[in-house]
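# Secondary and tertiary structure notes
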Amino acid sequence: NANKAEAQTQADGQSQQEIQESGIASGDVDSSEEDLPEESEVQAETVPLVANEDGNIYTLVATYYNAIGTGDMATLQSICHGISENTLLYYEELSGYIDHYSDIEIFTKQGPVEATAIAYVYYKMGLEDKDECPGYEALYVCTEEDGSLYIKDNSLFTEEEKQYIRTANGQVDVLELDTRVAAEDSELIARDPSLLEYASLVKTQVNTKVGEKLASR
């Protein structure tokens, strides 16, 4: 069904949002006005968005999209701490519609505590018989005691992490990335107006299949 993700560089436009639900996009982070914990070395407002140069983050992100594209739920569960059964089922069904990921670009901001980062991933997702759809996703990358990296699901965020990430997601450099994706998405829809209807159909079909699987358990 799906080719492996091409590890090059990616984030979410309108039609893309209809197809794939991101893990910690700004809309998924609760608003909280609590202060950051004392161990935070920097405030989110002071952290610039930079091109990723960390090979381990690159490998983690490539593995993540490979798993989604190929329906490898075991790998996805192992690298995404706190990911729900519903989300796993959603990606498992979605993989049947994905042909490939390409043009992956990773940008990062330092996370709220040491050994964490927010990875903003721009990508293009190839669908069967359709043009590649641009998108982007924010992933909260954390470090295990053994030094390995994992993606922390927003269901496990502390209030401080929610606030920090929410602030980071609203900064100008991230919004510029969002604007870039929205512009590319608009161009794509102008070339192929049927894409929005197709994206909605895919989401409906995937959610229906997930609902059937949950109901049968």
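Model, not experiment: these values are computed from the prediction.

To continue, consider the overall build of the protein. Looking only at helices and strands, one finds seven helices and six strands in the protein. Moving toward the C terminus, one meets the helices and strands of the protein in the order α-β-α-α-β-α-β-β-β-β-α-α-α. Of all 217 residues assigned to the protein, the portion counted as buried reaches 45%.

Now for the packing of helix α4 (residues 85-94) against helix α7 (residues 194-215). Running from N to C, α4 and α7 point in directions that differ by 125°, and their axes come no closer than 9 Å. Between α4 and α7, the angle falls in the class oblique. Crossing hand, α4 versus α7: right-handed. In this structure, α4 uses Glu-85, Asn-86, Leu-89, Tyr-90, Glu-92, Glu-93 and Leu-94 to contact α7, whose residues at the interface are Val-202, Lys-203, Val-206, Asn-207, Lys-209, Val-210, Lys-213 and Leu-214. Of the residues in the contact of α4 with α7, the class split is seven nonpolar, two polar and six charged.

Here we take up the environment of Arg-217. In this structure, Arg-217 sits in the segment after α7. The contact partners of Arg-217, leaving out residues within four places of it in the chain, are Glu-85 and Leu-89.

Turning next to the pattern of salt bridges. Taken as a whole and judged by the stated rule, the model has ten salt bridges. The partner of Asp-192 in a salt bridge is Lys-130, with the nearest N and O atoms 3.6 Å apart. Within this pair, whereas Asp-192 is found in the loop between α6 (172-191) and α7, its partner Lys-130 is found in the loop between β4 (117-127) and β5 (133-143), the two being separated by 62 residues in sequence. Taking relative accessible area as the criterion, Asp-192 reaches 15% and is therefore assigned buried. The exposure class of Lys-130 is partly exposed, given its relative accessible area of 24%. For Arg-180, the salt bridge identified is with Glu-184, shortest N-O distance 3.4 Å. Linking Arg-180 with Glu-184, this pair stays in helix α6, spanning four residues, or about one helical turn.

Next up on the list: the environment of Thr-87. Along the chain, Thr-87 falls in helix α4. Considered as a pair, Thr-87 and Val-210 are 123 residues apart in the sequence and their alpha carbons are 9.2 Å apart.

Tracing the backbone through its elements, the reader meets Lys-162 in helix α5 (residues 159-169). Within the structure, Lys-162 has its side chain in polar contact with the side chain of Glu-159 (distance 3.2 Å).

Time to look at α5. Each α-helix winds once per 3.6 residues, and so residues spaced three or four apart point in a common direction. Among the residues making up α5, those that are buried are Glu-161, Lys-162, Gln-163, Tyr-164, Ile-165, Ala-168 and Asn-169. Those residues of α5 that are buried lie in contact with β3 (98-110), β4, β5, β6 (149-152) and α6.

Attention shifts here to the packing of aromatic side chains. One pass over the structure, following the stated rule, counts six aromatic pairs. With a centroid separation of 4.8 Å and 80° between ring planes, the pair formed by Tyr-64 and Tyr-65 is classed as edge-to-face. In this structure, Tyr-64 and Tyr-65 share a single accessibility class: buried. A centroid spacing of 5.3 Å and a plane angle of 45° characterise the contact between Tyr-65 and Tyr-123, whose relative ring orientation is tilted. Linking Tyr-65 in helix α2 (residues 55-70) with Tyr-123 in strand β4, this pair joins segments that are 58 residues apart in sequence. Each of the two residues, Tyr-65 as well as Tyr-123, counts as buried. The rings of Tyr-64, Tyr-65, Tyr-101 and Tyr-123 are connected pair by pair, giving a single aromatic cluster. In this structure, Lys-130 is placed above the aromatic ring of Tyr-198, and the distance from its NZ or CZ to the ring centre is 5.3 Å. The lysine or arginine in question, Arg-180, covers the ring of Tyr-122, its NZ or CZ lying 3.9 Å from the ring centre.

Calculation rules
Residues numbered from 1 in each chain as written. Predicted model: local features only at pLDDT ≥ 70, side-chain atom pairs only at ≥ 80, totals over all residues. Heavy atoms only, no water. Helix = DSSP H or I, 4+ residues; strand = E, 2+ residues; numbered from the N terminus. Buried < 20%, exposed > 50% of the residue type's maximum accessible area, 1.4 Å probe, protein only. Axes fitted to C-alpha atoms, helices over the stretch in contact; angles between N-to-C directions. Parallel < 35°, antiparallel > 145°, perpendicular 65-115°, else oblique. Left-handed = near helix turned anticlockwise from the far one by under 90°. Contact = heavy atoms within 4.5 Å. Nonpolar A, V, L, I, M, F, W, Y, C, P; charged D, E, K, R; others polar. Salt bridge = Lys/Arg side-chain N within 4 Å of Asp/Glu carboxyl O. Polar contact = N/O pair within 3.5 Å; in protein donor to acceptor, adjacent residues only side chain to side chain. Phe/Tyr/Trp six-rings, centres within 6.5 Å; stacked < 30°, edge-to-face > 60°. Lys NZ or Arg CZ within 6 Å of the ring centre and 35° of its normal.

Function-wise, these values are silent; they only describe arrangement.
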